Structures are given as structure tokens and as C-alpha cells.
Amino acid sequence: MNNPCILPCFPQVLWPRILTFVVPAEYTGTLDYLFNIIRSLIMAEERKKNDAKESTALVISTGAVKLPSPQQLLARLLVISILASLGKLRGAGAIGLLKILPEIIHPKLVDLWKTRFPELLQSLEVIFISNFHFLEQLLKESLWKIGDVAWTIQLSQDFNEQMDSYSNISLEKKFLWKALGTTLASCQDKNFVSSQIKEFLIAPNQLGDQRQGITSILGYCAESHLDTVLKVLKTFQDREKFFMNRCKGLFSGKKSLTKTDVMVIYGAVALHAPKVQLLTRLDQDIVSQVLFLYGQCSQVLGMSVMSKDMDLQMSFTRSITEIGIAVLDAEDQGFKFSYKEVLLGYMLDFIRDEPLDSLASPVRWKALIAIRYLSKLNPQLSLNDHLNILEENIRRLLPLPPLEKLKDEGETDKDKEHINFLYERSMDALGRLLRTMMWDNVKAEDCQEMFNLLRMWLVSQKDWERERAFQITAKVLTNDIEAPENFKIGSLLGLLAPHSCDTLPTIRQAAASSTIGLFCIKGTHPEVERLQDLQEGLQCDDVQVQIKISSKIAKIVSKLIPTEEILMFLEETLDGLESLNPTCTHACGIWMITVLKEQGAALEEQLLEILSMIYHHMPVLRQKEESFQFMLEAISQIASFHMDAVVANLLQKPLPFDRDTKTLWKALAENTASSGKLLRALTDKLENELEDDLAGVEAIAVACAMYEVVSTGTPVTNLYPEVFTLLLKLVSCTLGQKMSTATWSRRRRVLQQGEQQQTADPCRLSTATLKCVQAQAMKEGLAKESDEGDNLWALLSSPSTHHVGVCALARSMAVWQYGLTLDIMEQLFSSLTSSSENYRITGTAFFSELMKEPILWKHGNLREVLILMDQSAWDSNATLRQMAIRGLGNTASGAPHKVKKHKQIILESIIRGLYHLARTEVVCESLKALKKILELLTDRDVSFYFKEIVLQTRTFFEDEQDDVRLTAIFLFENLASLTGRRWKIFFAEEIKKSMISFLLHLWDPNPKIGAACCDVLIICIPFLGLQELYGVLDHLLDGQDLPRARDFYRQFCVKLARKNQEILWILHTHSFTFFSSNWEMIRSAAVKLTDAIVLNLTNRYMQLLDKEQLTTRLQALRQDPCISVQRAAEAALQTLLRKCKETSILL
């Protein structure tokens, strides 16, 4: 070895001997070492390249050593090279050896391999399939480059001779079959090819696994010899048809092919056949043969039945799948596959026949793959066909028991792994099928219909069913989908996104993936990387973390939802709020609110539909507290952008508002961000509705809405003047209205037997709202408690007492908040000239009370009000006149200087009221007003009107109304100070005429009137010069209790008789009138006074006395129903008799 003459020649001598160990199978185990040696020799040869004197040619003269042929060497090295894809050293060594041996294999390969082998070496880093394909392609290109039929035939024989060198399940054997088929396909000698195929068909056992071997070989061979392969197959079938059966192969060690094997061969032939030739031969020479063979295998006693043979089903399915793939690869849009419907029927039957409680068979999985490829072929399936196929497959796969339960059927770990493998592959196949059918469709509506088949499973109550549905959904919606241009994602987003908070992490992940995928489908591609990072966080089982992540995802993508699809999204989320589990429901609400926050401003055109949809869901959502709150928040969120529209829509709800509508109003009010806008919108709406001083159902609806809003505590300070005046106007305009519920409610209710149609009271509803507003105003210091208390509202809503209620309401105005009151006055000023009589009364009554507030006269424009009051004091409506007169009278308190300035018009208007005898309230109001006014005027101011006032005042001393009598007496007392010199005598005469009334009404049923009569007597007595009577009157006033009337009158008349018999006689002449008084106390007092008068008359006046008339009247009073009157009459008769006897006058 140290001889320098021998060493340089050593690699040349060693080459042939090493090569002899490469081909034989028994040396396979040494190939790793052999290839190491070969690499060393290659390196030695590389070093020699620089030495031109040293030959690098292989030494061929090796004596007794028999070198392998080029074909043997190529066949062996190609097969071993496939192991490089598994990372085995011998595979890489084989490739390295091939790289330096092109001249030995065939000189024509040098250039080809020089360019191709670098690519092969790169493919070692890629998955083995690409390496597999590369070696096949290298073989094919090499044979084409050589172009030698004999050389190719020899190579095929050498490949065949290696069949026994590898196990049937080895990678080398699989490649060997393909290599042999590829070599035959490259052979131009058709006779040789035909003979080889026949040999393999007759004796397939020589190939090892006869089905895989013959299928692979004939399939690759068909790439160039389709006609030959089909012809040989047909001849083989014809010759063997009387002997072939399924059982034969099973019981004879599979020494010959079965019909099932031939079916598989046909599929492989179709898959590898030249696409141009395939379509013309497909129906008759391939598919019909497969169906014929399957039909024969499915017969029992000559009858076709559904075969339970899994091998047959799998083989048939495989063949059909490969046929479908082949037709698709042909890419001939004009080709219509006539067997499509038939084959789909077979596949669906296979799936239907699979059990729903186990997954031990791959038939379902393989059939799904076949259906997917068949569905793509022409003629296209109709939408119904698509739906039927998908629904059938979904129903046969998604309801399977949970995976763990399915795996429990496996006896060994290997069985369990197999079941898990089948489960994953089946779900993947179903997802791919749905994906294919959906996205191959050009109509967006059809895509939606197909996806809808998953809906019931996506919301299933069973976790494992939802999990499967979402895994399929994720497969359908991800990975670069090209959807129809008008495909809508809104509904799907609302369906899928909330499940990012579902119970299982797999569902959460799939839901998030699907959500992201939807936007990618639309081409928007949101922040994908950030979303994927968030998606990873959904693995966490903490519900709060899930909700937070889902909320972040919603914020990112919500702005990207097409506006026109928001409606569909919201409808879906509302459905979710009804039916999903608590965490998904929470997520539903968050997504809905987030989207509305982002896109609410753009929803104006869809607003009515959105609101209608929300109302539709309210009855159900009310049963779920959290869902209901989310729905209310959604309404509030919409209203924050479109308050006027929301208000207008809600106001269209039937009256009276139902519980749900009331809740909506309150929810809007409780939203601090929009409550102010809400009350403003309602105020504007009510103002528009009342513009013509008429109130319809719409105005009542606004009032009812205001009630719900204000009752939540919504502040009214900023809008109080407007709200107050509008509601007061509404109360006025609805006063006395009664509407049948049928005219103002769109709801209909069946009346029970005997039940009457209820009537609604709009005024009551309006009053309730005003009451609510006033209560809130009092809380805010804008008003004070009414002196009428809660009775105020009953007064206000009754037509007969409305003006009384308005006056009480006006008195409850907080005068210290005069700025607000002035605003109310400004708002209400138009009421004084309204076309509505009721509203004029309301406004006049309200202002009549405000007229007495000096601060309002100082800052307000009450001068114009005074003028209008004066005009209204002449109105034909008694209540309006009454209120106007009250206002004129109250001016005395609020603006005394105005009274003096306008005394003439004020007095004339008020005095005019004294003549309105039909309505005593007008008279009473006039009397009160005169009393107030006259207190500010002098005798000179009223001189012109004094006599008229006195005369009219006297007419009301006997009025049936206590208030009128009392006020008249008070006024008469005031008039005493205004007589002046001009009217003193006149007034004294009127006192004489009025004294009877004052004396008798000392015992008026109303003690206030009695006290007033005493006061007026004290004031008036000086006019008659009867100061001596003060003592009697003082005794009357000083006593704790009233003295007996008889005693008082006798004392009074004794004094009066001594001073002035004339006045005593005048009292007598007027007393008869009171004998018929309606008050028994007055009748009794009149009789007792008569008794006292008669007792004190002088003889002269006794002569003038009409004793007969007096006796008759007294006799009649003895029959009076009142015992007191009877007794007084009896006593008076006795006094009369006695007096007559004393004066010797006969009765």
C-alpha cells in the first residue's frame, strides 16, 4: 500500500469490485458502508482531475469480475434513492452515485443529469412526495433521452427482477411498481407492453401485493398506452368472466385478480391516462366497466343488493374518486359526465348505510372524498341537489357520539388511534366537501343556503356537535377563499363570533378563525397578525379573559362590517341572545353593542327595520335578564346616534304602552349619555303635535313617553319651562275627551261576556305626566308643593274644576325661581289668544294667579296680559270670564299702581261680572275682585261706579252660595269707606234695606258669614246714627258663644225702638221675605226678629201692621218641618196677641 506506483491506480481497480455489490439484494444491508467508500473514491477521483497525466476512466478489464449492466445499476440505484426522502444514508449515497455514473448508465444522460441532479439534491429537503415525483420524472426524461426500445425493455425486466427484493409495504416496493409502470409507458414496443400487461394480469402474485402492484403499474403504463391497457383489460375480463368472483381470490391465496382488483385498476388507468384520450373512452370503456364489475360483486343469487363488503365499497369508492379527479384534470368545460348522478347516488348510499354510533370504517371518509370530486363535474348540480347531498352527509357525521366514546370501542391502543385517524379524516373530508360545493357556486345566495345547513349544529346543545360544526366552518371559511362578489358576511359574523367564548377551546379557536376568515373573504384583511395573537389567548379557560379577548376582536373588525349587512348581523346576535349559553350570550351582547358604537351613525336607512327586529325579540329576551339588558343597551346606543328617529318609532307603539315599551323608554332615559337628548326630542315632538292647539293620539303618546322618561329621575331643569307649558297645554286640549280604545290602540282584545269596551281618558294620562314632571321639578327646587296636595291633579283633569286646578298649579310655582316662571309665562302667553277655548281658559287661569306676584310684574310682560284679561272678562264663556276677573282682581296685589292707572277699564270689566247672574262663580269672583280693587282706590276714584256697585252687591246677600254671600258682605263693608260726601245718604238708605240681612245672617249656617255680618253692622250703624247699638253688638262679639237669637233681637230692638222706630218698621217690612228662606236657621231667626219687632213697635206702627197677613204667615210656620221654627212661630203669635191686647187692637 505504500508503493507509490500502486496507490494512484487503486480507485480504478476498486470501482468494478464495489459495483458488483450494489445490485444483489443480499448486500442491501451493506450499502451504507459501500456508499461511504464510493464517496471516498469520488473525492479521490476529484483530486485527480487536476492531473491530466492520470486517467480517471473506469478500469473495465477486471478479469473474472462480472459488472452489473447499466439497466441493473440504474434500476437498483433509483429504487434505493427513494430512501433519501426518509433521511436514510443509503438513499443519499445512491443519488450521489447516480450523479457520477451517467456515462456508465448511458452516454446520452450526461448533460441531462448534470442539470437535473442539483434539483434532486435540493428536493431532499422537501417532503418525500416531491422527491418521489422527481425520481419518476427523472426516469421518464432519461428514457426519452435514451430513446432505445431494447434498452427500455431491458430496464423494465430489471425492475421486474427486483420485485422479490423488497417487502410489499416498503417505500422501495411502491416506487418500484411506479418505476416499472413508467418504464413500460416509455417503451415504444406496444407488443412487448401488451404482453407484459397480460402477464401481470394473469400472474399478479409475482408483483408482491397484487392489487397495489398491478394497479400502480397499469396506471402509469396508461400514461402512454391507454388504448393498449384498456384493450388488454377488456380481453382479460372477457376471458375470465366465467371464472372471476370475489371469493376465489380470498380462498386461493390471492393468486389471481378479483373483480374488485380490476375495478381499482380502471380507476388508476383513468387517473393516469392522457386527458385528451380519456374523455372519449371514459363512459364506455372505463366507468361502465367499473359499474358492471361492482354490480356483479353486489349480487346474491343473481339479485343486486347493497353490499356490506367494506373492501368492495372501498375499492369502488377509490375507483370512482380517481375517475372524478381524472375528469377534473382534463379541464374540458364542455364535457358532461353522464354517470355523475348515478355515482353520487352510490356514494350517498354508502354513507347512509354507515352506523350513527360508531366510526370503525373508512367508507364514510372515502365516499365524502369521491362526492367532492364528482360534485365538481359537469353537468352542474342544482342548488337543491347540493343541499340534499350536504344535509345527508352532515346528518350522518355530526351526530356521532363524542370522540372519546367512539375511541372506547377500540380494543387496543392501535384501534383507538385508527378510530381517531378516521374521525379526523372524515371531518376534514366533510369540511372540504362543503368548502368545494359552496365556493364553486357563483351565486352568493346559494352559498348562504348551503352554509345554513350547519346552523342548527353550530348552536347545538351538545358540545361535541358544536365543536365539529365549528371545525368544519373554520375549514370552509379560511385559507384564501374566493367567494361570490356579493357574498354577505353579516349574518355569519353574528352567528359565529359570539362562540369565541364557548365552552371548549377548540370551538373558541375555530370561531375566531372563522371570524377572521369572513373578513378575508371580503378582501378587507384586518389586522390578521394581531387577531391571530388574540385568538391564541382563547385557549385560556378563564371566562373573563375570553370575554375581554372577544371584545378586543370585536373592536378591531366591527368597523369593517359592510353597513348594508349590519341588519343581518344584529338579527343573528339577537337570536343568539335568545338561545346561546351564558358566556356566548354575554359575547353576543358585547359584539352587538360594539358594532353599534362603531357603525351606529350609518344606520339611518336601516333604522326602522332594526328597531322592528329588536321589538320582535323583546318578549323572549325579557325572560333572560342579561340578554334583555343588552337589548336595552342596544336601543340606547342606536338612540345616541338617531334619537329623533328612535323616538318617532317608539311613539308609534300602541297606546296604552305595554310593559316592554315602557321598559324601552326607561332604558333610554337611564342612559346618561342620551337622556338629555331624549327629553329634548320628546319636547320638540310634543310641540309639533300641539302646534294647532289640538291634541291627537300622537300627542298622548308623547306624554306617556315623557312620563316613563321623567319617572326614572331624568333632570328637567333645562327644559322645565317648555315641558311644563306643553304638558299643561296637552291637559287643556284633552280636557273632557273620551276615546274608545279601538280608536287609539292597534291592539285588539276579545271582550269577555258582559264586559264593556273600556274608554281611555287622555286627559288623565296627560295629567299623570304633568304630575310626574312637577314631582321631579320639586326635587330639583324648581317648584313647591301645591296647597291642594294630591287633589290638585283630580281638579286639573276634571272639566268642571280644571281652572281651579290650574290656579293651584300656578300657585305652586317657585317664585324665587322667577327666571323659570318668566320663561313659562312667555311660553304660555299664546294661550290667551288661542283658538281653543279650553286652552284660553287654562292660560287665563294660570296668569290670573301670577298677576298677584310683584316680582313677575317687575320682570315680566304682564301689562299685555292685563289687556287680554280685560278683553276676556267680557267673554261669553263664564269660566273664562271668572278667571279673567280673578286676574284683574289679583293685579291689586301684584301691581297696585297698574290698578290706579287702569281703574276705569278694570272696574267696568269687573262690575260687568256682577250681572252674570246665571253663574254665581262669576259673580263671586267679581265681588272678590272688587273688594281687592276698591281697597286701593279712593271715593273719588269710584264715585262714578259707587251706586251701581252698592246696588249690585246688595243683591247677593241672600245668595245660596256661602262664598258669594260672604264676599258680598265683605265688599259692602269696604264700600262704607268709599261713600264720600256724595253717596253718604244713599249708602245710609241702602244700609236700612240691608240691615235685615245682616241681622238674620248673624245666625247663618256658615259661622264666617255670621262674623262678617257682625262686623258690617258695626261699620254701618254710624251711618244711621245708632251708636247706642254698639253695646248690644259688643256683647255679641265678646261672648264665648252666640247668645240666644231671641234675647239678642229683643235687646237690639229695644235699643232701636227707642232711637228710630222707622228703621224698626223697615226691618219688619223686609222680614216676611225670610220666612220662606231655604235655611231653617234663617227662618227661625226671621220669626224671632219679628217677635222682637212687634214687641217694640209703638201704637202708631201697630196700627199700620198687617196683622192678618202676619198671623197667616206665622200660622203657616207653625207647620214648618223645623221644630225651632215651629216654636218661634208659636211664640211670635203669642207676642202678637199680647201686643194687640195691650194696644186694644183686634186681630
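Cut-offs and rules
Each residue is numbered by its place in its chain's sequence as written, counting from 1. Local features are withheld for residues below a pLDDT of 70 in this predicted model, meaning they are given only at 70 or higher, and side-chain atom pairs are given and counted only at 80 or more; totals for whole chains, interfaces and linings count all residues. Values shown for side chains rest on all heavy atoms present in the structure; no hydrogens or waters enter the calculation. Think of a salt bridge as a Lys or Arg side-chain nitrogen and an Asp or Glu carboxyl oxygen that are within 4 Å of each other. Each helix is a run of H or I in the DSSP string that is no shorter than four residues. Each strand is a run of E no shorter than two, and both are numbered from the N terminus. Only protein chains enter the calculation, and the probe is 1.4 Å; a residue is then buried if its accessible area is under 20% of its type maximum, exposed if over 50%, and partly exposed in between. One less than the number of residues in a helix, times 1.5 Å, gives the span that helix is expected to have. Note: pLDDT gives the predictor's confidence per residue, expressed from 0 to 100. Residue contacts are defined here by distance: any two heavy atoms, one from each residue, within 4.5 Å place the two residues in contact. Among buried residues, those of type Ala, Val, Leu, Ile, Met, Phe, Trp, Tyr and Cys that are joined through side-chain atoms within 4.5 Å constitute a nonpolar core. Helix axes use the C-alpha atoms of the stretch in contact, all axes being lines fitted to C-alpha atoms, and the angles between their N-to-C directions lie in the range 0 to 180 degrees. In what follows, roughly perpendicular refers to angles from 65 to 115 degrees, roughly parallel to angles under 35, roughly antiparallel to angles over 145, and oblique to any angle outside these ranges. Rotating anticlockwise by less than a right angle from the far helix to the near helix defines a left-handed crossing, while the corresponding clockwise rotation defines a right-handed one. Side-chain classes are defined by residue name, with Ala, Val, Leu, Ile, Met, Phe, Trp, Tyr, Cys and Pro counting as nonpolar, Asp, Glu, Lys and Arg as charged, and the others, Gly among them, as polar. Between N or O atoms, a polar contact is any pair within 3.5 Å; within protein, one atom must be a potential hydrogen donor and the other a potential acceptor, and residues adjacent in sequence are included only when both atoms are from side chains. A patch consists of residues whose relative accessible area exceeds 30% and which take part in no salt bridge; residues with like charges are grouped when within 9 Å of each other, and nonpolar side chains (Val, Leu, Ile, Met, Phe, Trp, Tyr) when within 5 Å. Note that accessible areas follow from Shrake-Rupley with a 1.4 Å probe, and for residues the cover is restricted to the protein chains shown. A positive count includes Lys and Arg, and a negative count includes Asp and Glu. His and the chain ends are not counted in either. Throughout, a charge is located at the NZ atom of Lys, the CZ atom of Arg, the CG atom of Asp or the CD atom of Glu. Each aromatic pair joins two rings of Phe, Tyr and Trp (for Trp, the six-membered one) with centres within 6.5 Å, and gets the label stacked for planes under 30 degrees apart, edge-to-face for over 60, and tilted for any other angle. Working rule: Lys NZ or Arg CZ, within 6 Å of ring centre, within 35 degrees of ring normal, means a charge sits over the ring.

The chain has the name Maestro heat like repeat family member 2B in an unreviewed UniProt entry, where Canis lupus dingo is given as its organism.

## Examining the pattern of salt bridges
Tallying each qualifying case throughout the model produces 40 salt bridges. Close ionic contact of aspartate 261 with arginine 211 constitutes a salt bridge, the shortest N to O distance being 2.5 Å. Taken as a pair, aspartate 261 in helix H14 (residues 259-272) and arginine 211 in helix H11 (residues 210-221) lie far apart in primary sequence, 50 residues in all. The residues aspartate 261 and arginine 211 share a single accessibility class, namely buried. Two residues, glutamate 990 and arginine 954, come together in a salt bridge whose shortest N-O distance is 3.1 Å. Taken together, the residues glutamate 990 in helix H52 (residues 984-1000) and arginine 954 in helix H50 (residues 939-954) connect sequence positions 36 residues apart. Given a relative accessible area of 23%, arginine 954 falls into the partly exposed group. Here the salt bridges share partners, and the residues they tie into one network are Asp787, Arg811, Glu849, Lys852, Arg886 and Glu925.

## As for helix H30 (residues 582-599)
Taking 1.5 Å as the rise per residue, H30 with 18 residues should run 26 Å; its terminal C-alpha atoms sit 26 Å apart, in good agreement. Within H30, 14 of the 18 residues are buried, which leaves it mostly tucked inside the rest of the structure.

## Re the confidence of the model for the chain
Predicted coordinates in regions of low pLDDT should not be interpreted in detail. In the predicted model, the chain carries a mean pLDDT of 84, and 90% of its residues have values of at least 70. Counting contacts from residues 1-10, a segment whose pLDDT is below 50, to residues more than four positions away or on other chains yields three contacts. Contacts from residues 52-62, a stretch scored under 50 in pLDDT, to residues over four places away or in other chains number 16 contacts.

## Quick notes on the nonpolar core
Trp665 and Tyr720 are the most contacted members of the largest nonpolar core, which totals 381 residues. Counting residues per element, this core draws most heavily on helix H21 (residues 413-439), at eleven residues. Sequence-distant contacts of tyrosine 720, that is, excluding residues within four places in its chain, are made with Val773, Gln774, Ala777, Leu782, Ala783, Met813, Leu820 and Ile824.

## Points about the packing of helix H16 (residues 310-330) against helix H18 (residues 363-375)
Here H16 crosses H18 at 25°, and the two axes come no closer than 8 Å. In this view, H16 runs roughly parallel relative to H18, as classed from their interaxial angle. By crossing handedness, the relation of H16 to H18 is classed as left-handed. Across the interface between the two elements, Met310, Gln313, Met314, Thr317, Ile320, Thr321, Gly324, Ile325 and Leu328 from H16 touch Val363, Lys366, Ala367, Ile369, Ala370, Tyr373 and Leu374 from H18. A class-by-class count of the residues in the contact of H16 with H18 yields eleven nonpolar, four polar and one charged.

## Some remarks on the packing of helix H27 (residues 528-537) against helix H28 (residues 543-557)
Where H27 meets H28, the axes come as close as 9 Å, and the angle between the chain directions of the two elements is 165°. Overall, the two elements H27 and H28 adopt an arrangement that is roughly antiparallel. Considering only the axes of H27 and H28, their crossing is left-handed. Counted together, Arg530, Leu531, Leu534 and Gly537 of H27 and Val545, Ile549, Lys552, Ile553, Ile556 and Val557 of H28 form the full contact between these two elements.

## Quick look at the side chain of serine 170
Relative to the elements of secondary structure, serine 170 occurs in the loop between helix H8 (149-161) and helix H9 (171-186). Given the relative accessible area of 12%, serine 170 is considered buried. Only 2.7 Å separates the side chain of serine 170 from the backbone oxygen of serine 167, close enough to count as a polar contact.

## Regarding a negative patch on the surface
A surface patch of negative charge is lined by Glu411, Asp413, Asp415 and Glu417. Note on placement: glutamate 417 falls in helix H21. We classify glutamate 417 as exposed; its relative accessible area is 57%.

## Concerning the packing of aromatic side chains
Applying the stated rule across the entire model yields 26 aromatic pairs. Each ring, one from tyrosine 294 and one from phenylalanine 316, has its centre 4.2 Å from the other, and the planes form 15°; the classification is stacked. Of this pair, tyrosine 294 sits in helix H15 (residues 275-297) while phenylalanine 316 sits in helix H16, and the two are 22 residues apart along the sequence. Taking the relative accessible area as the measure of exposure, tyrosine 294 reaches 3% and is therefore buried. Residue class for phenylalanine 316 comes out buried when judged on its relative accessible area of 0%. Look at phenylalanine 972 and phenylalanine 987: their rings are 4.8 Å apart centre to centre, the planes differ by 25°, and that puts the pair in the stacked class. Within this pair, whereas phenylalanine 972 is found in helix H51 (residues 962-975), its partner phenylalanine 987 is found in helix H52, the two being separated by 15 residues in sequence. Taken individually, phenylalanine 972 and phenylalanine 987 each receive the classification buried, so the pair is uniform in this respect. Of the aromatic side chains, those joined through ring pairs into one cluster are Phe946, Phe957, Phe972, Trp983, Phe986, Phe987, Phe998 and Phe1023. Sitting over the ring of tyrosine 373, arginine 372 keeps its end group 4.7 Å from the ring centre.

## Structural notes on H11
Its twelve residues place the ends of H11 16 Å apart at the C-alpha level, agreeing with the 16 Å of an ideal helix rising 1.5 Å per residue. For H11, a buried count of eleven out of twelve residues is recorded, marking the element as mostly surrounded by other parts of the structure.

## Considering a positive patch on the surface
Side chains of Lys548, Lys552, Lys555 and Lys597 sit close together on the surface and give a patch of like positive charge. If you tally residues by element for the positive patch, the top one is H28, at three residues. By the secondary structure assignment, lysine 548 is in helix H28. Note on lysine 548: relative accessible area 54%, which makes it exposed.

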